[in-house]
Amino acid sequence: MRRRAWSLRARLTAAASLLLAAALVVGALALSAVVSAGRVAALDDIARERARLVAALAASDQVPDVLPVAEPGEVAQLVGPAGQVLASSATASRTLPVLPVDELAALRAEAVAAGGVRVAGTDHSAYDAAARVAVAPVDGADGRTAVATVPLREVEGVVRALRLSLAVVVPLLTLVAAGVTWSVLGRALSPVEELRRGAESIARSGGPGALPVPRTDDELAALARTLNTMLDSLRAAATRQRSFVADAAHELRSPVAALRASIEVARLHPDAYPGDELAAELEDEVRRLQALVDDLLVLARLGARPPAEDVVDLGELAREVVGTSTPPPGRGQAEGRSEEQEGRDGRRGVTVSVDLDLDLDLDLDLDADGATREGAATARGDRAAVARILRNLVDNALRHATSRVRVTAGPGSLVVDDDGPGIDAADRERVFERFTRLDEARERDAGGTGLGLAIARETAREHGGDVVLAQSPLGGLRAQVRLPPAGPPRATT
């Protein structure tokens, strides 16, 4: 079985504690070395001054019977050229020199070469295992030497006590720091734990929900807001997917059932159902099915990726869409042309005229320098997607217009007016729902899938705009597309 890993809180606490412990150990060793060096330097000064004093007394022939010392354990001697003791302190022997003759001779030579007092450490002192020794030659040619030693017992005791104290203090400080770090990290990571519990709750319930946002406006709060935005996007995508599947299953059932019924009738009654009539009926159903599938695929692709941000000439686009739009059977043709024919319901068709009225002087825009320029019928977006929006609105207007459809292009705006029966204000939002058809539309519809307005609005909103419906000055319905304007051109260098 896989061993359970430490939590992030435990790992951070352990890492911080180990680093602190290492720093404290290094600091303790450095402190011990500094204290030891300082105490040894103080002892060196004492030994040096004592050796100089004895040498000065010897040079002036004022050597007392007992050489003066101040510190306990301090030894002072005046030694002759052959190593014999000429004078000694009360703490030293009057016959046994404090240093061996050879070591004393070497230190005297170094002191003579340096022209002063030679201070060194020794482990060969006759009175102490470890001491600091100072050797000062007496002025003159008689070869006498003043020797002073100070034991290191006190320094070693102080350093030993310090190290023992630090050996206790360092672990205690490490434990205290670990506890403080554990507590601080617990408070700092509590929003993360709340986010985890919120995500677990959402995953367990499988329903809508939002992650808790910390009160502090810091990086964790920004992360929570970003994750909530992502959850909203995923939830919207899942909703669109479920809606797409449900709509597809519902709407595809009718044409498939009609095709199946026609085939069954033709199979059971081959003589009563000629092949050309079957082909004509199946063709209409297949075209309707193809249009429905195409619209469903468009809806499925919406929101899959951000739209392009090209500059779209709405005037040119309007001319192109109007020139290619064809009214349904029983309606007039675009661009002022008209024809009269029998509709599907047996009534005579009505004349339909489509006028393209491009209002290119709707407004004045300000450029980056504050100067004005003539407004242009442009917008920023994906040209093919904007064309689909306009084509759906024009086709919808052609299906319901009595005699006229007018398209107006302006800066960031496309308006489609018709003189049909219009839509009640209470139903103007409902018609944007997928597969929504009003009763009047069901009676007069000529092949619509019920997805045109839904596709138009969702595509426009994907571009940062919208599609709204209102009463048209022509007496029917006005559909206005609002898109982000293209804005002034960027300066190039």
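Our structure is the block above this text.
For every chain, the first residue of the written sequence is number 1, and numbering continues from 1 along that sequence. For a predicted model such as this one, the threshold for reporting local features is a pLDDT of at least 70, and the threshold for listing and counting side-chain atom pairs is 80 or more; totals across whole chains, interfaces and linings nevertheless cover every residue. Neither water nor hydrogens contribute to the side-chain values; these are computed over all heavy atoms in the structure.

Chemist: Whenever I open this one, the overall build of the protein confuses me. Can you help?
Modeler: Counting from the N terminus, the helices are the DSSP runs of H or I reaching at least four residues and the strands are the DSSP runs of E reaching at least two. The helix and strand tally for the protein stands at 9 helices and 15 strands. Counting every position in the protein, which comprises 493 residues, the buried fraction comes to 38%. When the accessible surface of the protein is split by element, carbon and sulfur atoms take 56% of a total near 28,000 Å². Only protein chains enter the calculation, and the probe is 1.4 Å; a residue is then buried if its accessible area is under 20% of its type maximum, exposed if over 50%, and partly exposed in between. Residue exposure ignores everything except the shown protein chains as possible cover, and the areas themselves are Shrake-Rupley values with a 1.4 Å probe.

Chemist: Help me understand the packing of aromatic side chains in this model?
Modeler: What describes a pair of aromatic rings is the distance from one ring centre to the other and the angle between the planes of the rings. Working definition: a ring pair exists when centres of Phe, Tyr or Trp rings (six-membered ring for Trp) sit within 6.5 Å. Plane angles under 30 degrees give stacked, over 60 give edge-to-face, the rest tilted. The final tally for this structure, using the stated rule, is 0 aromatic pairs. Placement of a charge over a ring requires the Lys NZ or Arg CZ to be within 6 Å of the ring centre, with the centre-to-atom vector within 35 degrees of the ring normal. Note that Arg457 overlies the ring of Phe432, its terminal NZ or CZ placed 3.7 Å from the centroid.

Chemist: Just checking my understanding: could you explain helix H4 (residues 219-268) for this structure?
Modeler: In an α-helix, one full turn covers 3.6 residues, which means residues spaced three or four apart are oriented alike. Here the expected span of a helix is defined as 1.5 Å times the quantity of residues minus one. The end-to-end C-alpha separation of H4 is 72 Å, in line with the 74 Å expected for 50 residues at 1.5 Å each. Bending is quantified residue by residue as the angle between axes fitted to the seven-residue window ending at that residue and the seven-residue window starting at it. Residue Arg253 marks the point of greatest curvature in H4, where the axis turns by about 30 degrees; the proline Pro255 follows within four residues. The set of residues buried in H4 consists of Ala221, Ala224, Asn228, Leu231, Asp247, Ala248, Glu251, Pro255, Leu259, Ser262 and Ala266. The N-terminus of H4 is capped by Asp218, whose side-chain oxygen sits 3.3 Å from the backbone nitrogen of Leu220. Polar contact criterion, stated in full: a pair of N or O atoms within 3.5 Å, where within protein one must be able to donate a hydrogen and the other to accept it, and residues adjacent in sequence count only if both atoms are side-chain atoms.

Chemist: Just to check I follow, could you spell out the nonpolar core for this structure?
Modeler: Where a protein is soluble and globular, its nonpolar side chains tend to be buried together. In plain words, nonpolar cores are sets of buried Ala, Val, Leu, Ile, Met, Phe, Trp, Tyr and Cys residues tied together by side-chain atoms within 4.5 Å. Grouped together as the largest cluster of nonpolar side chains are 34 residues, with contacts concentrated most on Leu314, Leu390, Leu393, Val416 and Val467. Listing elements by their share of this core, those giving two or more residues are helix H6 (314-324), helix H7 (383-400), strand E12 (404-410), strand E13 (413-418), helix H9 (452-462), strand E14 (466-471) and strand E15 (477-482). Of all the elements, H7 adds the most residues to this core, at 8 residues. Contact criterion: two residues are considered in contact whenever any of their non-hydrogen atoms come within 4.5 Å of each other. Sequence-distant contacts of Leu393, defined by excluding residues within four places in its chain, comprise Val416, Leu453, Ala456, Val467, Ala479 and Val481.

Chemist: Looking at this structure, how should I read the packing of H6 against H7?
Modeler: Axes are the key here: two packed helices are described by the angle between their axes and the distance separating the axes. What counts as an axis is a line fitted to C-alpha atoms, over the stretch in contact for a helix, and the angles between N-to-C directions run from 0 to 180 degrees. Running from amino to carboxyl end, H6 crosses H7 at an angle of 50 degrees, the nearest separation of the two axes being 10 Å. Here H6 is positioned oblique relative to H7, judged by the angle of their axes. The two elements H6 and H7 cross, and the hand of that crossing is right-handed. Between H6 and H7, the residues in contact are Leu314, Glu316, Leu317, Ala318, Glu320, Val321 and Thr324 and Arg383, Val386, Ala387, Leu390, Arg391 and Val394, respectively. Looking at the contact of H6 with H7 residue by residue, the classes come out as 8 nonpolar, 1 polar and 4 charged. Any angle that is under 35 degrees is reported as roughly parallel, and any over 145 degrees as roughly antiparallel; angles of 65 to 115 degrees are reported as roughly perpendicular and all others as oblique. By the definition used in this description, the sense in which the near helix is turned from the far one sets the handedness, with an anticlockwise turn below a right angle giving left-handed and a clockwise turn giving right-handed. Here the term charged refers only to Asp, Glu, Lys and Arg, the term nonpolar to Ala, Val, Leu, Ile, Met, Phe, Trp, Tyr, Cys and Pro, and the term polar to all other amino acids, Gly among them.

Chemist: Looking at this model, I keep getting lost on unusual backbone geometry. Mind explaining?
Modeler: Excluding glycine, residues mostly carry a negative phi; peptide bonds, for their part, are mostly trans. The backbone of Asp61 sits at a positive phi, close to 55 degrees, despite the residue not being glycine. Here Asp61 is to be found in the loop between helix H1 (8-59) and strand E1 (66-67). For Asp61, a relative accessible area of 65% translates into the label exposed.

Chemist: Any chance you could explain the side chain of Asp419 here in plain terms?
Modeler: Counting through the fold element by element, Asp419 comes out in the loop between E13 and helix H8 (439-444). Charge counting treats Lys and Arg as positive and Asp and Glu as negative, with His and both chain ends excluded. Just to be clear on terms, a salt bridge is a Lys or Arg side-chain nitrogen sitting within 4 Å of an Asp or Glu carboxyl oxygen. Buried within the structure, Asp419 lacks any salt-bridge partner; its nearest side chain of opposite charge belongs to Arg404, at an N-O separation of 7.1 Å. At a separation of 2.3 Å, a polar atom in the side chain of Asp419 contacts the side chain of Ser403. A polar atom in the side chain of Asp419 sits 3.1 Å from the backbone nitrogen of Arg404. The contact partners of Asp419, leaving out residues within four places of it in the chain, are Ala401, Thr402, Ser403, Arg404, Leu474 and Gly476.

Chemist: Could you clarify how one ought to interpret empty space enclosed by the protein in this entry?
Modeler: Empty space left among the atoms is revealed by rolling a probe the size of a water molecule over them. For cavity detection a 1 Å grid was placed over the protein atoms alone, and a set of points counts as a cavity when a 1.4 Å probe fits there but cannot get out; an open set counts as a pocket when protein lies on both sides within 12 Å along at least five of seven lines, with lining residues being those that have an atom within 4 Å of a point. Grid points are joined across faces, edges and corners, and a volume is the space filled by probe spheres set on the points. A full pass over the atoms with the stated rule returns 2 cavities of 30 Å³ or more. Approximately 50 Å³ is the volume found for the largest cavity. Residue lining of the largest cavity: Leu393, Asn396, Ala397, Val416, Asp418, Leu453, Leu469, Leu477 and Ala479, and that is the complete set. Elements that contribute at least two residues to the lining of the largest cavity include exactly H7, E13 and E15. In terms of residue class, the lining of the largest cavity is made up of 7 nonpolar, 1 polar and 1 charged.

Chemist: How should helix H3 (residues 153-205) be read in this particular structure?
Modeler: Taking 1.5 Å per residue as the helical rise, H3 with its 53 residues ought to reach 78 Å, and the 75 Å between its terminal C-alpha atoms agrees with that figure. Remark: the principal bend of H3, roughly 45 degrees, maps to Leu189, with a proline, Pro191, within the next four residues.

Chemist: Sorry if this is basic, but what is going on with a negative patch on the surface here?
Modeler: Patch membership requires more than 30% relative accessible area and the absence of a salt bridge. Residues of like charge join within 9 Å; the nonpolar side chains Val, Leu, Ile, Met, Phe, Trp and Tyr join within 5 Å. Each charge is placed at NZ for Lys, CZ for Arg, CG for Asp and CD for Glu. Taken together, the side chains of Asp276, Glu277, Glu281 and Asp284 define an acidic patch exposed on the protein surface. Within the fold, Glu277 resides in helix H5 (residues 275-301).

Chemist: Explanation requested: a nonpolar patch on the surface in the structure shown.
Modeler: Together, Val168, Leu172 and Leu175 give the surface a local cluster of nonpolar side chains, amounting to about 300 Å² of exposed area. Relative to the elements of secondary structure, Val168 occurs in helix H3.

Chemist: Quick question: what am I supposed to make of the environment of Val416 here?
Modeler: Examined against the element boundaries, Val416 turns out to sit in strand E13. Judged by relative accessible area, Val416 falls into the buried class, the value being 2%. On a C-alpha basis, the gap between Val416 and Ala479 in space is 5.2 Å, while along the polypeptide they are 63 residues apart. Setting aside chain neighbours within four positions, we find Val416 in contact with Leu390, Leu393, Val394, Ala397, Val405, Arg406, Val407, Leu477, Arg478 and Ala479.

Chemist: Could you clarify how one ought to interpret the environment of Arg406 in this entry?
Modeler: When you line up the elements, Arg406 lands in strand E12. The sequence separation of Arg406 and Val394 amounts to 12 residues, and the corresponding C-alpha distance is 8.8 Å.

Chemist: Please explain the pattern of salt bridges as it appears in this structure.
Modeler: Two side chains with opposite charge may pair up if their charged atoms get near one another. Counted under the stated rule, the structure contains 18 salt bridges. Where Glu200 meets Arg196, a salt bridge forms, and the shortest distance between an N and an O atom there is 3.1 Å. Of this pair, Glu200 and Arg196 both sit in helix H3, separated by 4 residues, roughly a single helical turn. For Glu200, a relative accessible area of 38% gives the class partly exposed. A single salt-bridge network, built from bridges that share partners, covers Glu193, Arg196, Arg197, Glu200 and Arg204.

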